[in-house]
Amino acid sequence: MSMSIKDKDPHHQRESERYERPIPSREFILQVIREQSGPLTYEELIPILELHDPEQQEALLRRLRAMERDGQLIRNRRKGYVPIDQKELITGRITGHPDGFGFLIPDGGGGDLFLSPRQMRQVLHGDRAVARETGVDRRGRREGTIIEVIERHNQSIVGRYFTEGGIGFVAADNKRISQDILIPPDNQGEAKPGQIVVVALIEQPTKRTQPIGKIVEVLGDQRAPGMEIDIAIRSHGLPFEWPEAVQDEATAFGTEVAEEAKQGRLDLREVPLVTIDGEDARDFDDAVYCESTDKGWRLFVAIADVSHYVLPGQALDTEAHQRGNSVYFPEQVVPMLPEVLSNGLCSLNPMVDRLCMVCEMQVSEKGKLESWQFHEAVMCSAARLTYNEVAAMVVDRDMEARRKHPELVNHLDRLYELFHALYKARKKRGAIDFETTETKIVFDKDRKIEKIVPVYRNDAHRIIEECMITANVAAARFLEKNKIPALYRIHEGPAVEKLEDLRSFLSELGLSLGGGDEPQPRDYGHLLEKVRARPDAHLIQTVMLRSLRQAVYSPDNSGHFGLALKAYGHFTSPIRRYPDLLVHRAIRHLLGGGTPDNYIYTHADMALLGEHCSLTERRADEATRDTIDWLKCEYMQDKLGETFTGRISSVTSFGLFVELDEIFVEGLVHVTSLSSDYYTFDSVHHRMTGERSGRSYRLGDPIKVVVARVDLDEKKIDFQPVEQPGVEPEGDQKKKPRSKKRKGGHRDRSRGKGSKDKGQEKPRAKGGKRKAR
């Protein structure tokens with residue numbers, strides 16, 4: 001008697017638990033296709049997999065498409081599905097560069113694959129593709145050829161509309177998209193040359209053709225107040241409109257917590273939990289309470305129970321997943337959840353009942369996390385405090401401030417004692433503390449920048465930071481102990497190449513980094529302490545910081561290098577981060593008696609979710625950076641010809657980036673504006689040296705510059721050294737019509753901030769020369 005398909009599929013039981021009408025698993029589909037003599041079409045797979053139900057056939061089609069999207073299958077021109085051999089082909093996401101080339105970032109990790117401008121003609125920034133490694137280029141980078149595009153990331157693009165020789169095209173505002181989008185005459189709508197527009201792509205690029213689009217919205221001629229955010233939102237593909245189904249689900253909860261929802265929870269309404277945030281905070285997703293014990297402290301960290309409201313598979317969840325995180329622009333937020341939840345039911349507002357997930361922890365006198373326990377609870381915040389209020393009460397011991405909250409000061413004092421123990425433990429384990437300056441843009445009544453000011457952190461900020469880190473550690477340990485699929489926040493140590501460059505740089509200064517080939521966080525910490533009083537401390541810290549990798553989300557815990565922790569997750573902000581929501585779901589599943597075997601997510605699911613959330617995090621960072629760059633350019637427009645002092649923030653083969661003192665604006669001193677000489681660029685030691693004059697420009701050096709040019713469209717500012725005679729500042733340069741279209745639609749953007757972005761093209765090797773005229 002022959003076996004049925006469900007008996008042959010080793011994962012049928014898992015699929016049955018997840019779906020009412022299960023179909024063969026991904027693993028079994030791959031096995032079936034591999035066992036055939038050639039590719040199989042969707043129609044051919046249906047009888048082989050014995051799928052007679054139309055709903056199951058539709059489910060198979062959706063699964064095949066998902067497997068394409070995830071890089072497990074390729075569909076050839078005859079619509080046959082072919083498994084991807086991971087040994088030969090690499091799947092990943094495309095990252096474009098303003099200069100036309102790009103990289104494929106592999107899904108499975110490892111080194112990026114360089115893609116030449118010729119290869120990049122058929123894709124746009126953000127697309128997913130399958131590529132084959134073809135060799136190594138002249139600079140030692142792995143180079144690849146695109147085999148198949150498996151997912152198109154861009155459905156619409158924002159940019160400025162131009163006409164040239166009767167041909168219309170849009171130059172993308174996102175500089176990582178270096179191709180122009182052709183606009184046929186019938187698709188130009190009411191747009192006029194020079195206007196900022198939204199264009200829907202009706203044809204994606206191929207090896208031989210440029211992308212073609214249709215203008216669907218005209219945003220305006222000039223950037224009105226707030227338009228820079230609208231442009232950034234659309235340029236980076238940030239979801240910003242709520243589907244009707246999402247709004248319906250959110251409003252259905254009402255404005256108060258239902259009484260039945262409070263039942264069966266730990267009741268903490270008599271515990272004086274408080275929220276501590278900035279003065280301008282609008283949502284409050286964490287509250288804290290601390291009391292002393294015989295052996296240390298008992299700490300409660302209560303987090304808004306978003307997982308109670310946002311359930312897997314609902315419209316709310318689909319939208320939250322798509323957004324990945326809230327995006328914080330200057331004085332405007334694109335939230336991950338509708339405001340009825342983020343500022344309402346899921347915000348721990350004072351004096352109202354709220355559902356929460358609580359991490360109860362025992363911390364020793366030495367700041368060691370001894371034990372922890374998670375609870376589904378109900379709470380009532382005793383007060384909404386600000387960092388400055390708490391600092392006045394517990395740090396400054398201001399009696400007037402303490403008299404305002406007499407019922408809270410004892411608990412806040414205990415919290416401050418706990419902070420000192422946690423901070424000492426942080427130092428002892430060797431967590432890296434880089435001193436960086438955060439800034440805040442202050443607008444006038446017309447939403448023009450009035451000033452840019454530094455933001456200073458006090459001990460109240462650090463109290464909350466240490467409490468949140470401790471709760472995140474407890475969550476990560478809890479999930480790891482129970483071996484449930486979850487996302488960890490991982491931060492790996494420095495790559496070998498970066499480490500070699502750092503050691504070479506330090507050796508010239510008579511310094512060394514301990515730890516041999518695998519330095520530990522405390523080795524970085526010891527060196528930072530050693531150089532803190534040196535005049536070049538800022539330079540050394542900057543180079544050390546750039547040697548480290550970027551933190552990402554992954555289901556494979558490899559620890560957090562910067563915090564010197566073996567296990568770390570994100571538990572404390574489910575209102576604004578989807579990974580935190582996933583952590584809450586895993587904890588809720590375990591608290592309800594669930595096991596890893598009957599959890600709705602697998603390790604493979606978490607791998608995809610981690611990649612997606614890391615991507616949305618980078619997308620948010622790029623969108624906010626674009627907005628701030630444009631605002632700073634606008635701020636500098638009326639300062640042409642003015643002189644400022646600053647410091648060299650980056651050295652590249654084409655010039656020096658300089659950050660101005662006090663106003664924190666960055667611009668470029670191009671190599672051609674330096675004194676007449678041949679300049680040698682040294683990427684290892686971050687400097688540029690004139691061969692004849694011996695004049696050296698090094699990262700961190702002070703420099704005096706004059707504002708020479710501001711380009712709003714390109715979001716770039718040019719400086720010139722004040723010692724250069726004959727400086728003739730230019731005004732804001734409008735983009736000039738191009739007399740000739742470049743083959744393939746790529747534009748020359750050989751100088752700009754994009755060229756120094758981490759993960760992009762590396763500067764030319766030591767010894768490269770540039771002539772300054």
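The preceding data block contains the structure.
Parameters and conventions
- Sequence order sets the numbering: in each chain, residues are counted from 1 along the sequence as written.
- Only residues with pLDDT of at least 70 get local features here, since the model is predicted, and only at 80 or more are side-chain atom pairs given and counted; chain-wide, interface and lining totals rely on the full set of residues.
- Hydrogen atoms and water are omitted, and side-chain values are computed over all heavy atoms in the structure.
- Stacked, tilted and edge-to-face are the three classes assigned to paired rings of Phe, Tyr and Trp, where Trp is represented by its six-membered ring and a pair needs centres within 6.5 Å; plane angles under 30 degrees give stacked, over 60 edge-to-face, the rest tilted.
- Charge over a ring is defined by NZ of Lys or CZ of Arg lying within 6 Å of the ring centre and within 35 degrees of the ring normal.
- Pairing between strands is defined by DSSP: at least two bridges between them are needed.
- By definition, any uninterrupted DSSP run of H or I lasting at least four residues is a helix, any uninterrupted run of E lasting at least two residues is a strand, and each is numbered from the N terminus.
- For every element, the axis is a line fit to its C-alpha atoms; helices are fit only across the contacting stretch, and the angle between N-to-C directions ranges from 0 to 180 degrees.
- It only takes one pair of heavy atoms within 4.5 Å for two residues to be counted as in contact.
- Roughly parallel means an angle under 35 degrees; roughly antiparallel, over 145; roughly perpendicular, 65 to 115; everything else is oblique.
- Classification used: nonpolar for Ala, Val, Leu, Ile, Met, Phe, Trp, Tyr, Cys and Pro, charged for Asp, Glu, Lys and Arg, polar for all others including Gly.

## Things to note about the packing of aromatic side chains
Step number 1: Per the stated rule, a full pass over the model turns up 14 aromatic pairs.
Step number 2: Summarising the aromatic geometry, the rings of Phe 654 and Phe 657 are spaced 6.1 Å apart at their centres and angled 85 degrees between planes, so their arrangement reads as edge-to-face.
Step number 3: What links up through ring pairs into an aromatic cluster is the set Phe 101, Phe 103 and Phe 114.
Step number 4: Lying across the ring of Trp 242, Arg 323 places its NZ or CZ 3.6 Å from the centre.
Step number 5: Positioned over the ring face of Tyr 635 is Lys 639, at 4.0 Å from the centre of the ring.

## Structural notes on the sheet that holds strand E33 (residues 702–711)
Step number 1: With mixed pairing, 5 strands are arranged side by side around a closed barrel as E27-E28-E29-E34-E33. Each neighbouring strand pair of the sheet contributes to a mean axis angle of 50 degrees, computed without reference to strand direction.
Step number 2: Bridge count for strand E28 (residues 655–660) against strand E29 (residues 666–670) is 5 bridges, and the pairing is antiparallel. The residue of E29 that forms the bridge with Phe 657 is Leu 668.

## Considerations on the sheet that holds strand E2 (residues 73–75)
Step number 1: As summarised here, the arrangement of the 3 strands in space is E1-E3-E2, forming an open sheet in which the pairing is antiparallel. Two strands bound the open sheet, and with one partner strand each, they are strand E1 (40–41) and E2.
Step number 2: Bridge count between E1 and strand E3 (residues 80–83): 2 bridges; the pairing is antiparallel. Counted as the bridge partner of Thr 41 is Gly 80 from E3.
Step number 3: This element, helix H3 (residues 26–35), spans E1, E2 and E3 of the sheet and lies at about 100 degrees to E3.
Step number 4: Along the sheet face, helix H5 (residues 54–69) touches E2 and E3 and points at about 105 degrees away from the line of E2.

## Quick notes on the packing of helix H13 (residues 387–395) against helix H15 (residues 409–429)
Step number 1: At their nearest, the axes of H13 and H15 sit 10 Å apart, and the two run at 85 degrees to each other. Here H13 lies roughly perpendicular to H15, going by the angle between them. Of H15, the residues touching H13 (which contributes Met 393, Val 394 and Val 395) are Val 409, Leu 412, Asp 413 and Tyr 416.
Step number 2: Looking at the contact of H13 with H15, its residues break down into 6 nonpolar, no polar and 1 charged.

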